[in-house]
Structure formats: C-alpha cells, structure tokens
Amino acid sequence: MDNQIIFDSGKKENDTSNLQDLTENKSFELNAEKQHTVRVKSVDKITNDVLRIVTEKPDDYLFTSGQATEVSINKEGWRGQKRPFTFTCLPDEDYLEFTIKTYPSKKGVTNELLKLEKNDELILHDVFGAIRYEGEGIFIAGGAGVTPFISIFRYLNSKHEIRNNKLIFANKTKSDIINEDEFRILLGDNFINILSDENVDGYLHGFINQNIIETHIGTTKPLFYLCGPPPMMDAIEKILGSMHVPLSLIIKEAF
C-alpha cells in the first residue's frame, strides 16, 4: 500500500534529526536481517510528487510482481529509517525500479529521496507482500496504491495474458495519475479513471462506488485486488461486502 498500500505511505514520515542511526549500533547489526546496498542508476519525476528510482539489482535477489521491500538511504542519520516500497519492474530484469510518492512537507524519508542523485546508495531489506496475481479480476487502486499493480500488469503483458483484467484507478486530479499512458496501452477501455477533485471529459468524477464496480464486473465472478489508503480500503471492502463478494475473492495487502 503514500504507498501505504500505497506502500510509501506517509507513515512515520517525521523529522528524524534527533533519532539515532540504528546501523551504528553493534547489537543492532548482530540481529539485523540481511541487507543489500545498491547504487542508484537514475532518478526521475513522473508526476509532480512521484519519483521513479532505478537501482542496481543484487545477485539472487528474488521477488514476485506485486511484492515490496523496506528501503533506507545509505546516509548518516537515515540508515535506520526504513520505509516499504513496491518493486515496479519485472522480476527477471537486471535492475530494480521503485515508483514512490513523496511528501516534502513531512521532512521525512520521501523528502530525502527527492535529493537522491545517480550513484547515491540505498539499503534494501527482505522481500514481503501479500498481493500477487492469482487470476483474472478487477484491480482497484487509490493514488500510489497502484504501485503493486504496475509490475503485475507489466508481467501479464510480457506473457500476453492481460486478457480481461481491469483497473479502476482513483486519484484527486488527472495530473496525479501514475503511468497513465502505459496503462492505456496495456488495458485500453479496461482502464477506468475516477477523479475526486476535478471534472475532466472522459474521466469519471467522485469516488469509487458500488455502481461503478458492478458496471465493470461482467457476467463472471472475478477476483478483486485492492490497494490504497486505509479509508479507501475500508470503503471498498464494505461495498464488496454489500455485494456479497466472498472474502476468498478479495486480495489485499495485510497491514
């Protein structure tokens, strides 16, 4: 799940100036999970507040499309400040890519990521994540919660298995839509956008509701993949409950 599934949620995005860098503590090092230091290959802004960061890939570093890792910045004062970010590249590519929403006003990790340059270093930790592709369905995302789905749709496209998968994507404004052009190419009419804060021709306006979901279900019982900020997740789950969708058909990140 910013990505609070949205994986780069603003959670813990506080001033770290007075916090101890835990990696300088020997006892912490003895008990730490395996870490991988990778060099940054490129940093690009893809929306006003979203970064695409590409790094080296450690040998034998495995993940499944939809999964994430905790990332920290290899700089004094920041090494112990881990945040979860989703891989948006394909698992078999020879680099790693992260698509990260930033929160400059919070002066935390994502703000520090805005200062990254080529050849700076990040520290990666173990891979985790409950969202993975289990069959054709409707993907429902809010804001940067779309990040687990980027790698999934790229993977399906690489296997020529996009089929009738659909993405319902909620954002505040059109300029907030991540990878809009790519999703249009991959999904065509199965890419449905809804904007809460502006009216734009060709885009739904408001919030995701039961009518919108039912309109795109079709005649089969699809899986539902959910990823977004907690209030949105709660609202969508209540809607699916009122539609009598079994929990076995709902795939979401566990908080």
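Everything discussed here concerns the structure shown above.
This section reports on the structure supplied with the text. Note that this is a predicted model, so its numbers are computed, not measured. (Residues numbered from 1 in each chain as written. Predicted model: local features only at pLDDT ≥ 70, side-chain atom pairs only at ≥ 80, totals over all residues. Heavy atoms only, no water.)

1. Considerations on the overall build of the protein chain
Here's step 1: Scanning the protein chain from terminus to terminus reveals six helices and twelve strands.
Here's step 2: The buried share of the protein chain, taken over its 255 residues, is 52%. (Helix = DSSP H or I, 4+ residues; strand = E, 2+ residues; numbered from the N terminus. Buried < 20%, exposed > 50% of the residue type's maximum accessible area, 1.4 Å probe, protein only.)

2. Re the sheet that holds strand β1 (residues 36-47)
Picture the strands of a sheet paired through backbone hydrogen bonds; they go either parallel or antiparallel.
Here's step 1: Ordered in space as β4-β3-β6-β1-β2-β5, the six strands form an open sheet in which the pairing is antiparallel. The outermost strands of the open sheet, each flanked by one partner alone, are β4 (83-86) and β5 (95-101). With direction set aside, neighbouring strand axes in the sheet form an average angle of 40 degrees.
Here's step 2: Two elements, strand β3 (residues 68-73) and strand β6 (residues 121-128), share five bridges in a ladder whose sense is antiparallel. Across the sheet, residue A68 finds its bridge partner in β6, namely F128. (Pairing = 2+ DSSP bridges. Axes fitted to C-alpha atoms, helices over the stretch in contact; angles between N-to-C directions.)

3. Let's talk about the nonpolar core
Here's step 1: Judged by nonpolar contacts, the single largest core of 47 residues is most densely connected at I140, F149, F153 and L167.
Here's step 2: C89, L96, L113 and L116 belong to the second-largest nonpolar core, a separate cluster that totals 20 residues. (Core = buried A, V, L, I, M, F, W, Y, C linked by side-chain atoms within 4.5 Å.)

4. What about the environment of N164?
Here's step 1: Take N164: it is sitting in the loop between α3 (147-158) and β8 (166-171).
Here's step 2: Distance from N164 to E136, taken between C-alpha atoms, is 6.8 Å for residues 28 residues apart in sequence.
Here's step 3: Leaving out residues up to four positions away in the same chain, N164 has contacts with E136, G137 and N190.
Here's step 4: Looking at N164, its side chain comes within polar contact range of the side chain of N190, at 3.1 Å. (Contact = heavy atoms within 4.5 Å. Polar contact = N/O pair within 3.5 Å; in protein donor to acceptor, adjacent residues only side chain to side chain.)

5. Comments concerning α3
Here's step 1: The terminal C-alpha atoms of α3 lie 17 Å apart, and with twelve residues this matches the ideal 16 Å at 1.5 Å per residue to within 8%.
Here's step 2: Most of α3 sits out of view: nine of its twelve residues are buried.
Here's step 3: Looking at α3, one finds that the buried residues are T147, P148, F149, I150, S151, I152, F153, R154 and L156.
Here's step 4: Following α3 by one or two positions, H160 adopts a phi angle in the positive range, close to 55 degrees. (Expected span 1.5 Å × (residues − 1).)

6. Quick notes on helix α4 (residues 180-187)
Here's step 1: Buried within α4 are the following residues: E180, F183, L186 and L187. The buried residues of α4 occupy an angular sector of 130 degrees when the element is viewed end-on, so they sit on one face. Set apart from the buried face of α4 by more than 90 degrees, the exposed residues are D181 and I185.
Here's step 2: Against α3, β8 and β9 (191-195) lie the buried residues of α4. (Arc of directions from axis to C-beta.)

7. Describing the packing of aromatic side chains
Here's step 1: The full count for this structure, using the stated rule, is eleven aromatic pairs.
Here's step 2: Here the aromatic rings of Y133 and Y225 are separated by 6.1 Å at their centres, their planes lie at 10 degrees, and the arrangement is stacked. Here Y133 is found in the loop between β6 and β7 (137-142), whereas its partner Y225 is found in strand β11 (residues 223-227), with 92 residues between them in sequence.
Here's step 3: By relative accessible area, Y133 is classed as partly exposed at 25%. (Phe/Tyr/Trp six-rings, centres within 6.5 Å; stacked < 30°, edge-to-face > 60°.)

8. Examining the packing of α3 against α4
Packed helix pairs are specified by the crossing angle of their axes together with the interaxial distance, meaning the distance between the axes.
Here's step 1: Two numbers describe how α3 lies on α4: the axes approach to 11 Å, and their chain directions differ by 40 degrees. α4 is crossed by α3, and the crossing has left-handed handedness. Contacts between α3 and α4 involve I150, F153, R154 and N157 from the former and E182, F183, L186 and L187 from the latter.
Here's step 2: Residues that form the contact of α3 with α4 fall into these classes: five nonpolar, one polar and two charged. (Left-handed = near helix turned anticlockwise from the far one by under 90°. Nonpolar A, V, L, I, M, F, W, Y, C, P; charged D, E, K, R; others polar.)

9. Some details on unusual backbone geometry
Negative phi characterises most residues that are not glycine, and trans characterises most peptide bonds.
Here's step 1: Its identity as a non-glycine residue notwithstanding, D60 has a phi of 60 degrees, on the positive side.
Here's step 2: As for its position among the elements, D60 is in the loop between β2 (50-56) and β3.
Here's step 3: The exposure class assigned to D60 is exposed, which follows from its relative accessible area of 77%.
Here's step 4: Its identity is not glycine, yet R163 carries a phi of approximately 50 degrees, on the positive side.
Here's step 5: By secondary structure assignment, the location of R163 is in the loop between α3 and β8.
Here's step 6: Since its relative accessible area comes to 60%, R163 is described here as exposed.

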